[in-house]
Amino acid sequence: MANISYVNGLYCNIQEAKININDRGYHFGDAVYEVILYNNGVFYDYDGHIKRLFNSLKLINIKFHLSDQQLKIIIKNLFRLNRVNFGSIYIQVSRGVADRNHSYFGLKSKPILTMIVSKKKNNISDEIKGVKAITMVDNRWSRPDIKTTQLLPNVLAKTYANKKNAYEGIFIDHEGYVTEGSSSNIWIINKNNEILTREIDGKILSGITRNTISQFAKNNNFKMLEKKFTKDEMLNSREVFLTSASSFVTPIIEIDNIKIGNGIIGKTSIELRNLYFKKFN
Ligand code: PDD
């Protein structure tokens, strides 16, 4: 079990970790985060995740005091202390501690950094499982491109999906186009064998796994387009899969009780998943 966490300068047992009740992350979701996959000494897309973390901080005006080098030392220490071979790290930076007041105008708080390591139960070599998904209206705020901890709509969406025996909730915008999953980016392979994922248009998170997979697709001569697609196009496609740091490339074989393709895992999804794991081994 991964027990040692990092809280504001201290490595401590997760049971003893303490956060001030006036932390703005706790009050307002005034915080940003990242999740990075780790496998036997290798961090997947490390630089991309750290770059996005600093970009998220910039977008909500949090002046962070640590450099990427200092962050790397803490992250490596945590994996060493926890003796985890295959897992992920959750990194969160909040604006810090202050008396409760919505505005941070003029506030001189010091950002609070926390990190938690999780061990993964599954393994890369495990048999790939296709999952089910459920669609729902995208009711999130207008800046889902920033990776903040303000995730209540995503939490409700995932919970609703799980209640319906599905793995992921897929958001649909008010024009009928797919945006993304509650914690993943969504891809389809259409009848023309084109691989499609929504363009970075401010309506989705610029997923780091998404960027890597899109490079693989382009480098391996797949027909790949960054272009939005409708819910109907998705339901009528050959293959659907999702990507994220915690779910890698995961095939979706059923959406809203409708089978995708023949309800079996598609070969392109498997190929891209294998390429993803190969890159980091
Ligand atoms: N979620 N879209 C959303 C809304 C997400 O929350 C995530 C990741 C992604 C995929 O991004 P990436 O490939 O960089 O992980 C897309 C993480 C894993 C989480 O919240 O746990």
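**Description of the sheet that holds strand S4 (residues 42–43)**
Okay, step 1: Judged by pairing direction, the sheet is antiparallel, and its six strands sit side by side in the order S2-S1-S6-S5-S3-S4 without closing on themselves. Lying at the two open borders of the sheet, with one neighbouring strand each, are strand S2 (10–13) and S4.
Okay, step 2: With four bridges joining them, strand S1 (residues 4–7) and S2 adopt antiparallel strand pairing. The residue of S2 that forms the bridge with serine 5 is cysteine 12.

**Side note on the site of the ligand**
Okay, step 1: In the vicinity of the ligand lie 20 residues, with Tyr33, Glu180, Ile208, Thr209 and Ala245 positioned nearest.
Okay, step 2: In the model, a nitrogen atom of the ligand is placed 2.6 Å from a nitrogen or oxygen of the glutamate 180 side chain.
Okay, step 3: Elements with a contribution of two residues or more to the shell around the ligand: strand S3 (31–39), helix H2 (46–59), strand S9 (178–181), helix H5 (208–219) and strand S13 (239–244).
Okay, step 4: Viewed by domain, the shell around the ligand spans two of them, domain 1 (4–119) and domain 2 (131–280), each represented by three or more residues.

**Here's the deal with the domain arrangement of the protein chain**
Okay, step 1: On domain assignment, one finds that the protein chain holds domain 1 (4–119) and domain 2 (131–280).
Okay, step 2: A straight line from the C-alpha centre of domain 1 to that of domain 2 covers 26 Å.
Okay, step 3: Of the residues lining the interface, 21 residues belong to domain 1; the matching set on domain 2 comes to 19 residues.
Okay, step 4: Of the roughly 1,700 Å² buried where domain 1 meets domain 2, counting both sides, 64% is carbon and sulfur surface.

**Quick word on the pairing of S3**
Okay, step 1: The buried count for S3 comes to eight of nine residues, which makes it a mostly enclosed element.
Okay, step 2: Bridge count for S3 against S4 is two bridges, and the pairing is antiparallel. Residue asparagine 39 lies in a different strand from S4, and its bridge partner there is valine 42.
Okay, step 3: Hairpin remark: S3 followed by S4, antiparallel, with two residues in the connecting loop; positive phi at asparagine 40, about 45°.

**Describing the packing of H5 against helix H7 (residues 267–279)**
Okay, step 1: Between H5 and H7, the shortest axis-to-axis distance is 10 Å and the interhelical angle comes to 105°. What the angle tells us is that H5 and H7 run roughly perpendicular. When H5 is examined against H7, the residues Thr209, Thr212, Ile213, Phe216 and Ala217 are found in contact with a partner set consisting of Leu272, Leu275, Tyr276 and Lys279.

Criteria and thresholds
- Residues numbered from 1 in each chain as written.
- Predicted model: local features only at pLDDT ≥ 70, side-chain atom pairs only at ≥ 80, totals over all residues.
- Heavy atoms only, no water.
- Pairing = 2+ DSSP bridges.
- Helix = DSSP H or I, 4+ residues; strand = E, 2+ residues; numbered from the N terminus.
- Near = heavy atom within 4 Å.
- Polar contact = N/O pair within 3.5 Å; in protein donor to acceptor, adjacent residues only side chain to side chain.
- Domains from an automatic or database assignment.
- Contact = heavy atoms within 4.5 Å.
- Buried area = accessible area lost by both parts, 1.4 Å probe.
- Buried < 20%, exposed > 50% of the residue type's maximum accessible area, 1.4 Å probe, protein only.
- Axes fitted to C-alpha atoms, helices over the stretch in contact; angles between N-to-C directions.
- Parallel < 35°, antiparallel > 145°, perpendicular 65-115°, else oblique.

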